[in-house]
Amino acid sequence: MQAGAWYAPLRDDTFMSADHPQPPPPATLPERKTLDQRNAMSELERLRHSCAHVMATAILRLWPEAQFAAGPPVENGFYYDVDLGHRITPDDFPAIEAEMKREIKANHVFEKRVVSREQAVRDAQSGRLGGLGERPGNPSRYKLGNLAEIPEGEPISYYRNGDFLDLCAGPHVGRTGNLGAFKLTAVASAYYKGDEANPQLQRIYGTAFKTRTQLEEWLRMQEEARKRDHRKIGAEMRLFILDPDYTGPGMPLWLPKGTVLVEELEKLAKETEFAAGYVRVRTPHLAKEKMYVTSGHLPYYAESMFPPMQVAEEGEPGGADGASRGAVQGDRYYLKAMNCPHHHRIFAAEPRSYRDLPLRLAEYGCCYRYEQSGELFGLMRVRSLNMNDAHIYCTEDQFADEFRAVNDMYLKYFKVFGLEKYQMRFSTHGKEGLGRKYVGEPELWLKTEAMVRRVLQDSGINYVEVANEAAFYGPKIDVQVWSAIGREFTIATNQVDFAVPARFGLVYHDRDNTDKTPLCIHRAPLGTHERFIGFLIEHYAGNFPLWLAPDQVRVLPVTEAQLEYARGIVEELRAHQVRAELEYSNDKLQGRILRAEEARVHHILVVGQREQEAGAVAVRIHGHGHQGVRPRAEVVSEILAAIRERRA
RNA sequence: GCCAAUGUAGCUCAGUGGUAGAGCAACGGUUUCGUAAACCGUCGGUCGUCGGUUCAAUCCCGACCAUUGGCUCCA
């Protein structure tokens, strides 16, 4: 479903926050919703849930044999899972919607009835539940499954609208006529109860709103989101390509225009980190198995890593001098999925004194993660990624200041990119998981979490605290931002690490003449180039601010007579590292302006005879039209200033 | 990974069991032009890949590859 894809938060568990190995997910499923929780359903959710029932009614009118499973309201609408021989496609939507309208027009009451378990099982066996009537030989098998999950003692209820009777805890709106505006949006597949051992069902998605206006507004936003899709704009602007056949799935190739974005971001990061006292390092893309055994990433994280390479040295059997590299002998090498172990080895490279701390090692490191094929998504979820990574080694005393400085850096970046809405999600440990899900250092956990909490509070940062979601080795902070059209992105993760440095035996010599293990802060405020640029493309709809725009200035002489004047302006700008180009072609001025606008060139400078004589340029800004004629020197210095200050 | 949809020129998209079509882009020419499309012409496709059915397949069937949507926000 388009909508679902757009609005569903991108899963972050194996992407940015996987600096650390995570233990396998807990075997226990999430708690069943209580009836109280269900009754807390908002008005809109009731509406949507009721709409799901009406959709089921309509589907049964068309295909009476349909078997229904679950039909809850979801973030942007509702769905109902149906088992049906006929493959429902969007072509069927008009017919289903027409039946739904009839049901709404009939204005049936949503009638609730509490029944005994025996009664419910009987009705399910007769095919009555999730049906329009009895269906001999076609028992409501998923409803029977659902019934079996209802704990003893919890009331079992039906809801009925017209002929349609469903096992349902509700709540619903009063009558089908209360449903406002709705629309079926997508069909997908889902396993019954999400378990791939169960049959696969067709999941029909729809959305509903109280009024037609609200529905239309939502559809408009969807349309806007589609227009801003980073894959679409990325192709239009020639920013990157994916080349699954040659490079491989999920491994973007940055084209020249996209590389401009990459390098401008790196420049911003390097300046910012330099000012904040970071030093830069560079590390290889590969490391021996021992590296990840020591870090603890193997075996937990092995599934998400590319399979190892086996490399033997020259002279050994299967050695590099023969054609048999990859033979059984020799060392196993892994493509790195994270940079931290390498940085730890740099920390370990020489004896460290407390006077050396904090040590802030920064690197735009290129990592490789073997994401499942079905998880890949444009630039947002890839297999090769460049992280705005750094590791800060510090003493406990220094921790709060260092952590605060990291937060300040985030806030600075938010300002640069005009992000007004953000939230930090502070994940702490759960006591039950100590020694299992979380490293068994109860005091250290509490102490570190208290420090983090205090810094968050002191700096007035917008955050929420979530218990029992920390990383194995320490509390973490996920950073969520909202793009200009209100979509949420998890852009980065901060982690506090009080365990891995010890695994690498990292120590510093303290003033009391003893060796101590440093704390480590993992941080990546700009996330990865891939995801961050994907986000920025949507945020700006490809209309990047001047400093970031791949095409900053294009100078268009009106006729050949202004060619030299125009060239002079381009050369002056280029001498100042401005991405300026001259365009003089057979096209009429209007055509060249159109193409410059289409290419999202930020400044379009038109020079004709009048401008040349006056030493001026006619300024046009992408998306904002003609800005008037102004002196050339003034325009040039303005452009330089806007770039230097990274104006929005 | 699993299920589904999709895959025709660089891009957007038509189309048919019988030699593949448009617009834009590109290229060549004419035009030298004042703020969102000047004109003429040319080039461009193994119709995702492989296999099957057929006298004949881009079209029908199958497998594979890739992309996209979804894979508990539970009666």
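For the structure, see preceding data.
Just so you know, these numbers come straight off a predicted model, no measurement behind them. (Residues numbered from 1 in each chain as written. Chains lettered and ligands numbered in written order. Predicted model: local features only at pLDDT ≥ 70, side-chain atom pairs only at ≥ 80, totals over all residues. Heavy atoms only, no water.)

A. Region of interest: the overall build of chain A. Tallying secondary structure elements over chain A gives 19 helices and 29 strands in all. Each principal axis of the C-alpha distribution contributes one length, and for chain A these read about 85 × 75 × 60 Å. Counted over contacts in chain A with a minimum sequence separation of 6, partners at least 24 positions apart contribute 72%. Surface exposure of chain A reaches about 29,800 Å², of which carbon and sulfur atoms provide 50%. Placing the 83 positive and 89 negative side-chain charges of chain A at their respective mean positions leaves the two points 4 Å apart. (Helix = DSSP H or I, 4+ residues; strand = E, 2+ residues; numbered from the N terminus. Contact = heavy atoms within 4.5 Å. Areas by Shrake-Rupley, 256 points an atom, 1.4 Å probe, with all protein chains shown as cover. Lys, Arg positive; Asp, Glu negative; His and termini not counted. Charge placed at Lys NZ, Arg CZ, Asp CG, Glu CD.)

B. Spatial organisation of the pattern of salt bridges. By the definition in use, this model includes 46 salt bridges. In this structure, D81 engages R203 in a salt bridge whose closest nitrogen and oxygen atoms are separated by 2.7 Å. Residue D81 is located in strand β3 (residues 77-83), and its partner R203 is located in strand β8 (residues 200-209); the two are separated by 122 residues in the primary sequence. Residue classification places D81 among the buried residues on the basis of a relative accessible area of 4%. Assessed through its relative accessible area of 15%, R203 is described here as buried. Where K143 meets D166, a salt bridge forms, and the shortest distance between an N and an O atom there is 2.8 Å. With K143 in helix α6 (residues 141-149) and D166 in strand β6 (residues 164-167), the pair connects residues that are 23 residues apart, well separated along the chain. Across the pair, D166 and K143 agree in class, each one buried. Because the salt bridges share partners, they merge into one network encompassing E224, K227 and R228. (Salt bridge = Lys/Arg side-chain N within 4 Å of Asp/Glu carboxyl O. Buried < 20%, exposed > 50% of the residue type's maximum accessible area, 1.4 Å probe, protein only.)

C. Here's a closer look at the side chain of N388. With respect to the helices and strands, N388 occurs in strand β17 (residues 384-394). For N388, a relative accessible area of 1% gives the class buried. At a separation of 2.9 Å, a polar atom in the side chain of N388 contacts the main-chain amide nitrogen of L526. The contact partners of N388, leaving out residues within four places of it in the chain, are A269, E273, E363, Y364, R523, A524, P525, L526 and G527. (Polar contact = N/O pair within 3.5 Å; in protein donor to acceptor, adjacent residues only side chain to side chain.)

D. Highlighting the environment of N161. Mapped onto the secondary structure, N161 falls in strand β5 (residues 156-161). On the accessibility criterion, N161 (0% relative accessible area) is buried. Contacts of N161, omitting those with residues within four sequence positions, involve H53, V54, T57, E103, H108, V109, F110 and T176.

E. Region of the structure containing the sheet that holds β5. Taken in spatial order, the 3 strands line up as β4-β5-β6 in an open sheet, and their pairing is antiparallel. In this open sheet, the two strands that pair with only one neighbour each are β4 (111-115) and β6. Each strand of the sheet is rotated relative to its neighbour by a mean of 25 degrees, with strand direction disregarded. (Pairing = 2+ DSSP bridges. Axes fitted to C-alpha atoms, helices over the stretch in contact; angles between N-to-C directions.)

F. How the structure looks around the sheet that holds strand β21 (residues 488-497). What the 8 strands build is an open sheet, ordered β11-β16-β17-β24-β21-β20-β18-β19; its pairing is mixed. With one partner strand each, in any of the chains shown, β11 (279-280) and β19 (463-466) form the two edges of the open sheet. Pairing of strand β18 (residues 422-427) with β19, which is carried by 4 bridges, proceeds in the parallel orientation. Bridge pairing in β19 links F426 to E465. Docked against the sheet, helix α11 (residues 340-347) engages β16 (359-368), β17 and β24 (519-523), running at close to 35 degrees with respect to β17.

G. A look at the packing of helix α9 (residues 256-275) against helix α15 (residues 529-540). One way to put it is that α9 packs onto α15 with a least axis distance of 11 Å and a crossing angle of 105 degrees. Taken together, the axes of α9 and α15 are roughly perpendicular relative to one another. In contact with L261, V262, L265 and E266 of α9, α15 contributes H529, F532, I533 and L536. Along the lines of polarity and charge, the residues of the contact of α9 with α15 split into 6 nonpolar, 1 polar and 1 charged. (Parallel < 35°, antiparallel > 145°, perpendicular 65-115°, else oblique. Nonpolar A, V, L, I, M, F, W, Y, C, P; charged D, E, K, R; others polar.)

H. Examining the packing of aromatic side chains more closely. Evaluation of the coordinates by the stated rule reveals 20 aromatic pairs. Between F306 and Y370 the ring centres are 5.2 Å apart and the planes differ by 85 degrees, which places this aromatic pair in the edge-to-face class. One end of the pair, F306, is in the loop between α10 (289-295) and β13 (309-311); the other, Y370, is in the loop between β16 and β17, with 64 residues separating them in the sequence. Given a relative accessible area of 16%, F306 falls into the buried group. Here the aromatic rings of F417 and W547 are separated by 5.9 Å at their centres, their planes lie at 45 degrees, and the arrangement is tilted. (Phe/Tyr/Trp six-rings, centres within 6.5 Å; stacked < 30°, edge-to-face > 60°.)

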